[in-house]
Amino acid sequence: MRRSHVTTVSLLVALALTACTNAKDVLEPSAITPPVASAQPAPATQGSAAATVPAPAPSTAATATTTAGAPAPVTSAQAAAILSKTRLQIAPIVGASVEAATPLTAELQTRARQRGITLAGSQDQTATHVLKGYFSAMTEGKDTTVIYVWDVYDPSGNRLHRINGQMKAPSTGSGDSAGADSWKSVSPATMQAIADQTIDQFAAFLSGKGS
């Protein structure tokens with residue numbers, strides 16, 4: 001009986017040791033798979049295919065190339081230098097009456113000087129740009145709309161740029177819906193405002209061109 005009891009105890013001890021050994025194998029950290037819904041990723045182990053590979057750093061050379069390809073903005077000093085080298089010749093105005101063209105031309109000259117642009121006479125051969133304007137006016141009710149188009153040419157006659165727009169203002173007198181009589185309804189202030197916008201857009205064109 002005593003021998004049998006000893007044998008039984010020995011078998012139980014052996015089974016317990018075997019169970020402990022198997023439990024140790026199952027609970028090995030490398031064998032634990034995290035739940036699919038877990039927000040935390042499983043810790044990467046050495047040699048694991050699931051280990052995260054750091055993303056390569058952005059290419060400095062590519063960034064430098066992109067930046068270098070963008071045109072450099074024109075500074076205020078550069079814009080002023082471009083305007084100071086400009087000699088603008090204003091051609092006779094087409095389409096507007098003499099009464100409407102007179103305040104327009106006078107304001108073009110004033111605004112050009114304010115922007116640092118030198119005006120060239122009609123016979124001046126040193127002009128760098130020629131400005132030709134085409135106008136029409138239309139009266140509707142109490143308002144008159146002036147439509148204008150300016151073409152900018154180089155000394156050789158090549159068109160470089162076009163400026164166009166329209167301005168509506170209250171009529172100052174009677175006029176028909178279109179034609180010469182509509183100009184009687186256009187105030188000098190309207191034509192002066194068009195002149196200011198024209199020179200400002202011309203200066204912006206020169207500065208944006210950078211030459």
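Residues numbered from 1 in each chain as written. Predicted model: local features only at pLDDT ≥ 70, side-chain atom pairs only at ≥ 80, totals over all residues. Heavy atoms only, no water.

J.: How should the nonpolar core be read in this particular structure?
T.: When a protein is soluble and globular, its nonpolar side chains tend to lie buried together. Membership of the largest hydrophobic core comes to 30 residues, with the highest contact counts inside it found for Leu104, Phe135, Trp150, Trp183, Met191, Ile194 and Phe202. Those elements giving two or more residues to this core turn out to be α3 (76-84), α4 (98-114), β3 (129-140), β4 (143-153), β5 (159-170) and α5 (188-209). Sort the elements by how many residues they give to this core and α5 lands first, with eight residues. Beyond its immediate sequence surroundings of up to four residues, Phe202 is in contact with Thr86, Leu88, Ile117, His129, Val152 and Ile163. (Core = buried A, V, L, I, M, F, W, Y, C linked by side-chain atoms within 4.5 Å. Buried < 20%, exposed > 50% of the residue type's maximum accessible area, 1.4 Å probe, protein only. Helix = DSSP H or I, 4+ residues; strand = E, 2+ residues; numbered from the N terminus. Contact = heavy atoms within 4.5 Å.)

J.: Looking at this model, I keep getting lost on the pattern of salt bridges. Mind explaining?
T.: Close approach of charged atoms lets side chains of opposite charge pair. Under the criterion given, the structure shown has seven salt bridges. When the shortest N-O distance is used, the salt bridge between Arg162 and Asp151 registers 2.7 Å. Here Arg162 is found in strand β5, whereas its partner Asp151 is found in strand β4, with eleven residues between them in sequence. In this structure, Lys184 and Asp181 form a salt bridge, with 3.7 Å as the shortest nitrogen-oxygen distance. You can call Asp181 partly exposed: its relative accessible area is 34%. (Salt bridge = Lys/Arg side-chain N within 4 Å of Asp/Glu carboxyl O.)

J.: How should I be thinking about the side chain of Thr144 in this particular structure?
T.: Structurally, Thr144 can be placed in strand β4. Within polar-contact distance, the side chain of Thr144 engages the side chain of Ser171 at 2.7 Å. In contact with Thr144, other than residues within four places in its own chain, are Ala137, Met138, Thr139, Met167, Lys168, Ala169, Ser171, Ser182, Ser185 and Val186. (Polar contact = N/O pair within 3.5 Å; in protein donor to acceptor, adjacent residues only side chain to side chain.)

J.: For this particular structure, what's the right way to read the sheet that holds strand β1 (residues 87-90)?
T.: Taken in spatial order, the five strands of this open sheet run β2-β1-β3-β4-β5, and their pairing is mixed. Each edge of the sheet is formed by a strand with only one pairing partner; in this case those strands are β2 (118-120) and β5. Sheet twist, expressed as the average angle between the axes of neighbouring strands with direction ignored, equals 30 degrees. Where β4 lies against β5, eleven bridges are found, and the strand directions are antiparallel. Across the sheet, the residue bridging to Asp143 is Pro170, located in β5. (Pairing = 2+ DSSP bridges. Axes fitted to C-alpha atoms, helices over the stretch in contact; angles between N-to-C directions.)

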